[in-house]
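What follows is the residue order along each chain.
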Amino acid sequence: MAQKMTGALVFDERTDRYDIRFDLASYYGGLHCGECFDVFTRGKWKPTRIEMNMKQEWYLVGIRADDLNGLRVRI
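None of the values given here were measured: they were computed from a predicted structure.

To continue, consider the UniProt feature "domain: DUF5348" (unreviewed entry) in the protein chain. Listed under "domain: DUF5348" (unreviewed entry) in the UniProt record, and renumbered for this structure, are residues 7-75. Secondary structure across residues 7-75 comprises 0% helix and 52% strand; the distance between its end C-alpha atoms is 8 Å.

Following this line, the structure appears as structure tokens:
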């Protein structure tokens, strides 16, 4: 099994979607609706997926967060 990479969610205004930043110059390449990954919340990793609601707002299934920017994730 391949090891998962850890990074932070960042919003890319050029593409209007979230991406994962692994370090200064390394990015996942843009997340799409339905993509699955883990998010670190309340001291543990929790599986989730990214979706967009009818108001064109991004959210993580099963995760309560007012702002997704900066959340620690692994994929």
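Next up on the list: unusual backbone geometry. One non-glycine residue, Asp16, lies in the positive phi region at around 65°. In this structure, Asp16 sits in the loop between strand E1 (6-12) and strand E2 (17-23). By relative accessible area, Asp16 is classed as exposed at 52%. If you check the backbone angles, Arg42 has positive phi at about 55° while not being a glycine. Along the chain, the position of Arg42 falls in the loop between strand E4 (36-41) and strand E5 (44-52).

Counting 13 residues, the largest nonpolar core has Leu9, Tyr18, Leu31, Ile50 and Leu60 as its most contacted members. Elements with a minimum of two residues in this core: E2, E4 and strand E6 (58-60). With 3 residues, E2 is the largest single contributor of residues to this core. Not counting residues up to four positions away in its chain, the partners in contact with Leu31 are Leu9, Arg17, Tyr18, Asp19, Ile20, Phe37, Ile50, Trp58 and Ile75.

Our focus in this paragraph is the sheet that holds E4. Ordered in space as E3-E2-E1-E7-E4-E5-E6, the 7 strands form an open sheet in which the pairing is antiparallel. Of all the strands in the sheet, just strand E3 (26-27) and E6 have a single pairing partner and so form its edges. Bridge analysis of E1 against E2 gives 5 bridges, and the strand direction is antiparallel. Its bridge partner lying in E2, Val10 is registered against Asp19.

Reading the values: the criteria
- Residue numbers here run from 1 along each chain, matching the order of that chain's written sequence.
- Confidence filtering applies because this is a predicted model: local features only for residues at pLDDT of at least 70, side-chain atom pairs given and counted only at 80 or more, and all residues used for totals across whole chains, interfaces and linings.
- Hydrogens and waters are ignored; side-chain quantities use all the structure's heavy atoms.
- UniProt positions are given in the numbering used here, feature names are shortened, and annotations may be inferred rather than shown by experiment.
- Secondary structure elements follow DSSP: runs of H or I of four or more residues count as helices, runs of E of two or more count as strands, with numbering from the N terminus.
- Each residue is placed in one exposure class: buried if its accessible area under a 1.4 Å probe, protein chains only, is under 20% of its type's maximum, exposed if it is over 50%, and partly exposed if it falls in between.
- In this description, a nonpolar core means a group of buried Ala, Val, Leu, Ile, Met, Phe, Trp, Tyr and Cys residues linked to one another through side-chain atoms lying within 4.5 Å.
- Contact criterion: two residues are considered in contact whenever any of their non-hydrogen atoms come within 4.5 Å of each other.
- Here, any two strands with at least 2 DSSP bridges between them count as paired.

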